[in-house]
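So the chains spell out like this:
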There are 2 protein chains.
Amino acid sequence: MDFKLRILGSSSALPTSERFPTAQVVLYNNEPYLIDCAEGTQMQMRKYGVPFGKLKNIFISHLHGDHIYGIFGLLSSFNLLGRKQKLNIYAPAKLKDIYETVLNLNNDQLKYKINFVPLDNSGKIKIFENKHIQVFSFPLKHSKPVWGFLFEEKQKQLNIKKEAIEELNLSIKQIIAIKNGDDLIINNTVIPNNELTIPAAKPLSYAFCTDTLPIQNLNEHINGVDILYHEATFGSELAELASETMHSTAVQAAMIAKKVNANQLVIGHFSSRYKSMEKLIREAKEVFPNTIEAVDGLLIDISKTNC
Amino acid sequence: MDFKLRILGSSSALPTSERFPTAQVVLYNNEPYLIDCAEGTQMQMRKYGVPFGKLKNIFISHLHGDHIYGIFGLLSSFNLLGRKQKLNIYAPAKLKDIYETVLNLNNDQLKYKINFVPLDNSGKIKIFENKHIQVFSFPLKHSKPVWGFLFEEKQKQLNIKKEAIEELNLSIKQIIAIKNGDDLIINNTVIPNNELTIPAAKPLSYAFCTDTLPIQNLNEHINGVDILYHEATFGSELAELASETMHSTAVQAAMIAKKVNANQLVIGHFSSRYKSMEKLIREAKEVFPNTIEAVDGLLIDISKTNC
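Residues numbered from 1 in each chain as written. Chains lettered and ligands numbered in written order. Predicted model: local features only at pLDDT ≥ 70, side-chain atom pairs only at ≥ 80, totals over all residues.

1. Some details on the sheet that holds strand 14 (residues 205-209) of chain A
All names here are of chain A. Put simply, the rule reads: When DSSP finds at least two bridges between two strands, those strands are taken to pair. Only DSSP runs of H or I with at least four residues qualify as helices, and only runs of E with at least two residues qualify as strands; both kinds are numbered from the N terminus onward. Angular values range over 0 to 180 degrees, each being the angle between N-to-C directions of two axes fitted as lines to C-alpha atoms, with helices fitted over their stretch in contact.
One open sheet holds the seven strands; their spatial order is 7-8-9-14-15-16-17, and the pairing between them is mixed. Each end of this open sheet is capped by a strand with a single partner; those strands are strand 7 (125-129) and strand 17 (291-293). Neighbour to neighbour, the strand axes of the sheet diverge by 20° on average, direction disregarded. Pairing between strand 14 and strand 15 (residues 227-231): four bridges, direction parallel.

Written out as C-alpha cells, the structure reads:
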C-alpha cells in the first residue's frame, strides 16, 4: 500500500514568499485526503499534481482564516469542473455557515452534494473509514476549538506462505480463514496458524496536530504514531509568546513526539518572522533527533519511515 | 514619475499550475493600487515584492469568486501586521456584506478602518484622485454588474527652461505662474509662455477591462489609453461560448484596442483549457499588432510604452 503525505502550506497565519498557510494532503493509494484548506490550497494542489477529481474527503482542524480561506475557491472550482460526486467535509460545525453564506452571497450554487460532518470534541472519535484506513479526530487546545487527526491503516491480514498453499492444496475458503488467523485442521490434525503465515506488516499511521499548546496526554490518542506533524510556530526564545497565543515551540513539539513514541516528527506552521528554520530544527532535534522541517511541496513516504 | 503595472494573476476562474486568478497592481511612484483580489493575491504580492504597508486603495471589478476570494486573507493579514491606516475599497456594494460576514463568522475584528465606496454604474465616474493620478470607473457587460477602471495621470505642469530662470532672475512666484501657463510681463514687455517653457509630457493612462463582452462604445471612456488590459478568455474557435458566458475572444479584445486607439494591448483572463496562448496572441496581433500576453509576475513600465 502506498501511504504518503504532501505538505501544501507550512506557514502560520501570515504567508511568506516561500510558504503558504496550512494545508496538507494524505495520499493513500493515490487517493487524496485534504487536511485544512488555507488560501491558495487549490493552486498548491495544481502545482504539486494532487488529483482534484479523486478528492472525496476534507478534514478541517479549526476555524481560523489561515486554515479555511481556500475552501470557497476549492468548492467553486469543483463546480466549474462539473463535479457530480458527493464531497465529505469533517469540520467544526460553523464552517458550513461560513461557506454557505459566501457561496450564497456570490450566487454560487453547487451542483454536487456536500456531506457535512461536524466534529465532536468529547474525545478520540472515529470519523471516517474505508477498507484500508480509518481517521480519528481528537481535541487539541487553542484559542478556538481545534482538532487533531489520526490517519491509521487498518490491521492488515496475515500473509499466507506460498508453499503452504501449494503443498496443502488449500481451497479459497481455507486461505481466507487462515489469513484471518484460523488454524488449519486436516484429517483431525491441527496445523497452527503461525506455521502457515507470515505476520502482517504493522499498520502505519500519521497524526496532524496544529494549532495547539503542547498537550501532555496526547499519547492516549496517538501513541506509537509513525509520523507526527506538530506545529512549532516559535523557537524557545519566544516560549512566552507561544503560551500567550496558545501555540507550541519547536522544543515542545519535540517533547510531544518523544512522549507519544513517534517514529518521526515533522514541524511546521512557522511564524513568518523566521527567515530560516535552522534554529527551530536544531532545538527540536536536541530533544527528538528524528525531526524534519515541513516545506511547501515536501512529499513524505510514510511507508518508508520505518526503514 | 514612475508608472508601472504588475500582473499578479492572469487565469480565468480556474487557476492552473502557472496562472493564478485575477489580480493586478498599478504602481505609481511605488505606491500600489490593487485591482481585483482573487485567491492567492497576498501570496503573489509577497512573491513579487509589492509593498504591503503602502497599499491604501483596492478596486474590485465584480463579485465573482475568482476576483474576490483573496480579500478575506488580505484583510486578516493587515490585521496581523498591526495595520492602523485606513483602507479604501472601491467595489460593488455587496462586497462589504461578504467580507464583513466572513470576518464576523471567523471572529476576525479588524483593528483598522475601511472606507467602503460602492461603485455606481451610471457612466464614467471619477472615484479616486490624489496629487498625481485619478481613477475612473465605467460599466462593462457581464453576467454580474461589472466595472472597468481607468488610471490616468493628471495633466502635468509645463517644464520651465533652465536658462529662463537664470537669465531673467525669476522669483518663485513667477516660476509657479509660468509653470501654470502664464506669460511673463517684465517692464511692460510680454514674454509669451511658450518661449519660457517646454511642453509637459502627455499624461499616461492604463485601463483594466474584465470580465466583459466586447463593448463598442468604450472609446467614450478610454480613448487614447496607453495600455489597455482586456480579457480574452477564449480564442476565435470558441466565439459562441464567449458570447454565451459573456466573455471576449482575443480578436474581440484586439478590435476594442483598435477602436479606443490604445498604444498597447495586454490580453489575459485565459481559459484554463489553453496550455499555450500562442494562438490567442496570434489572432489578436492580426487585428492589433502591439499585443502582449499577460503572465503572472509580468511588470510593464507604462511610462515606457510610448518609446
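Alright, that's what it looks like, and here's the rest.
2. Details of the sheet that holds strand 5 (residues 87-91) of chain A
Residue and element names in this part refer to chain A. Pairing in this open sheet of seven strands is mixed, and the strands run 6-5-4-3-2-1-18 from one edge to the other. Bordering the open sheet on either side are strand 6 (114-118) and strand 18 (299-301), each of which pairs with just one other strand. Here the strands of the sheet are splayed against their neighbours by 20° on average, with no regard to which way each runs. In this structure, strand 3 (residues 31-35) lies alongside strand 4 (residues 57-59), joined through three bridges in parallel fashion. In the strand pairing of strand 4, L34 is matched with I58.

3. A word on the domain arrangement of chain A
Keep this limit in mind: Boundaries of every domain are those given by an automatic assignment or by a domain database.
Splitting chain A by domain gives domain 1 (3-156 + 201-304) and domain 2 (159-198). On a C-alpha basis, the centres of domain 1 of chain A and domain 2 of chain A stand 42 Å from each other.

4. Description of unusual backbone geometry
All names here are of chain A. Where we set the bar: Exposure criterion: with C-beta atoms placed from backbone coordinates, a residue whose C-beta has 20 or more other C-beta atoms within 10 Å is buried, one with 12 or fewer is exposed, and one in between is partly exposed.
A cis amide bond, omega -20°, links T210 with the succeeding residue D211. Of note, D211 is situated in the loop between strand 14 and helix 8 (219-222). Positive phi, normally seen in glycine, also occurs at N188, with a value near 65°. As for its position among the elements, N188 is in the loop between strand 11 (184-186) and strand 12 (189-191). Residue N188 is classed as exposed on the basis of its 5 C-beta neighbours within 10 Å. Not every positive phi belongs to a glycine, and H269 is a case in point at roughly 60°. Tracing the sequence through the fold places H269 in the loop between strand 16 (264-268) and helix 11 (278-287).

5. What about the nonpolar core?
We count it as follows: Connectivity within a nonpolar core runs through C-beta atoms within 7 Å, and the core itself is a set of buried Ala, Val, Leu, Ile, Met, Phe, Trp, Tyr and Cys residues. C-beta atoms are first placed from the backbone for all residues, and any pair lying within 7 Å is then listed as a contact.
Ranked by size, the top nonpolar core spans 156 residues in total, and within it L228(A), L265(A), A284(A), L228(B), L265(B) and A284(B) carry the most contacts. The contact partners of L228(B), leaving out residues within four places of it in the chain, are A207(B), C209(B), I222(B), A257(B), V260(B), A262(B) and L265(B).

6. Focus on the relation of the copies chain B and chain A
Using the following cut-off: C-alpha atoms of residues with pLDDT of at least 70 in both copies form the basis for the least-squares superposition of the copies.
Once chain B has been moved 0.1 Å along the axis and rotated by 179°, it coincides with chain A to within an RMSD of 0.1 Å. Considering both components of the superposition, the chain copies are consistent with a two-fold axis. Considering only C-alpha atoms, the part of chain B nearest the rotation axis is G40(B), at 2.6 Å. Mapped onto chain A, 100% of the interface residues of chain B again fall at the interface, so both copies present the same surface.

7. Digging into the pairing of strand 8 (residues 133-140) of chain B
Residue and element names in this part refer to chain B. Counting buried residues in strand 8 gives six out of eight residues, a clear majority hidden from the surface. Alignment of strand 7 (residues 125-129) against strand 8, held across four bridges, turns out to be antiparallel. Within the sheet, the bridge partner assigned to E129 lies in strand 8 and is Q134. Here strand 7 hands over to strand 8 after three residues, the two strands then running antiparallel side by side. Taking the residues between adjacent antiparallel strands as the criterion, strand 8 and strand 9 (residues 146-153) are bridged by five residues.

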